[in-house]
Amino acid sequence: MSDLDLLTQSLARNVKHWRAVRGFTLDVLATRANVSRGMLIQIEQARTNPSLGTVVKIGDALGVSITTLLEYEQGPQVRIVPADQAVRLWRTDTGSYNLLLAGTEAPGPLELWEWRLMPGESSASDPHPTGTAELLHVLEGELTLTVDGVEYRVPAGATASFEANTPHTYGNTGEVPMRMVMAVSVPPVN
């Protein structure tokens, strides 16, 4: 089987899968992606090799990446992210940072983070989409978590969860570094 055949079959399988996960009919996906219903049928039956632009539109409409739509793998997937491939999105000169350890889309985006905040530092977050949940566990120090203007103290060993559709801030008002791991679950695209 050629690479093109593998891609065509993978795209067919993955578009069908994600359309089902999102609960979209062919008509709904066609409208959201601005792609004809006939084209979607041909894609899902692996009878066409659509343009990259069409794949991008379908991915955007489903809320998944092109990589996800073209993934060859079949059956259970195990993805191991080596420590040196975790993504550091920000850091301060004094040593605070966050680190995206891993992420997946099942049924919506799910991320696992490691955070470190040095004494006196904080990081504010805008509200996430309604239905977004955060679950965090403090490993060292104490987290000062502010959700919708209310401050909560989360000591080492404690776990907190909250709906993250309001402004929230992670802070360290203590005198030692704070470390935590956090999972963020975002609802699927409707």
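Right, let's walk through the structure included here.

Rules and cut-offs
Residues numbered from 1 in each chain as written. Predicted model: local features only at pLDDT ≥ 70, side-chain atom pairs only at ≥ 80, totals over all residues. Heavy atoms only, no water. Helix = DSSP H or I, 4+ residues; strand = E, 2+ residues; numbered from the N terminus. Buried < 20%, exposed > 50% of the residue type's maximum accessible area, 1.4 Å probe, protein only. Contact = heavy atoms within 4.5 Å. Areas by Shrake-Rupley, 256 points an atom, 1.4 Å probe, with all protein chains shown as cover. Axes fitted to C-alpha atoms, helices over the stretch in contact; angles between N-to-C directions. Parallel < 35°, antiparallel > 145°, perpendicular 65-115°, else oblique. Left-handed = near helix turned anticlockwise from the far one by under 90°. Nonpolar A, V, L, I, M, F, W, Y, C, P; charged D, E, K, R; others polar. Salt bridge = Lys/Arg side-chain N within 4 Å of Asp/Glu carboxyl O. Arc of directions from axis to C-beta.

1. Describing the overall build of the protein
Logical step 1: Along the protein, the regular secondary structure elements total five helices and 10 strands.
Logical step 2: Expressed as a percentage of its 190 residues, the buried residues of the protein come to 34%.
Logical step 3: Pairs at least 24 residues apart make up 62% of the contacts formed inside the protein by residues separated by at least 6 positions.
Logical step 4: As presented, the protein carries roughly 10700 Å² of accessible surface, and 53% of it is formed by carbon and sulfur atoms.

2. Focus: the packing of helix H1 (residues 3-22) against helix H4 (residues 52-62)
Logical step 1: In the contact formed by H1 and H4, the axes pass within 10 Å of each other and the chain directions differ by 25°. Classed by the angle they form, the pair H1 and H4 counts as roughly parallel. In the crossing of H1 with H4, the sense of the turn from one axis to the other is left-handed. Residues Leu11, Val15, Trp18, Arg19 and Arg22 of H1 pack against Val55, Ile58 and Leu62 of H4.
Logical step 2: In terms of residue class, the contact of H1 with H4 is built from six nonpolar, no polar and two charged.

3. Thoughts on the packing of helix H2 (residues 26-33) against helix H3 (residues 37-44)
Logical step 1: Interaxial distance between H2 and H3 falls to 9 Å at its minimum, and their mutual angle equals 110°. Our classification of the angle between H2 and H3 gives roughly perpendicular. Of the two elements, H2 crosses H3, and the hand of that crossing is right-handed. On H3, the residues touching Leu26, Asp27, Leu29 and Ala30 of H2 are Arg37, Leu40, Ile41 and Glu44.
Logical step 2: Grouping the constituent residues of the contact of H2 with H3 by class yields five nonpolar, no polar and three charged.

4. Some remarks on the pattern of salt bridges
Logical step 1: For the structure shown, the criterion picks out six salt bridges.
Logical step 2: In this structure, Glu114 engages Arg179 in a salt bridge whose closest nitrogen and oxygen atoms are separated by 3.5 Å. Residue Glu114 is found in strand E3 (residues 109-117), and its partner Arg179 is found in strand E10 (residues 178-185); the two are separated by 65 residues along the sequence.
Logical step 3: With relative accessibility at 25%, the residue Arg179 sits in the partly exposed group.
Logical step 4: The closest approach of N and O atoms between Arg179 and Glu140, which form a salt bridge, is 3.0 Å. Taken together, the residues Arg179 in strand E10 and Glu140 in strand E5 (residues 133-140) connect sequence positions 39 residues apart.

5. Considerations on unusual backbone geometry
Logical step 1: At Asn34, a residue that is not glycine, the phi angle is positive and equals roughly 60°.
Logical step 2: One non-glycine residue, Ala46, adopts positive backbone phi at about 55°.
Logical step 3: Inspection of the secondary structure puts Ala46 in the loop between H3 and H4.

6. Some remarks on H2
For the α-helix, the turn length of 3.6 residues means that residues three or four positions removed from each other point alike.
Logical step 1: All buried positions along H2 are accounted for by Leu26, Leu29, Ala30 and Ala33. Taken down its axis, H2 places every buried residue within 100° of arc, on the same side.
Logical step 2: Check the buried side of H2 and you find it contacts H1, H3 and H4.
Logical step 3: Where H2 terminates, the next one or two residues include Asn34, which has phi positive at roughly 60°.

Keep in mind that these numbers describe shape and distance, not what the molecule does.
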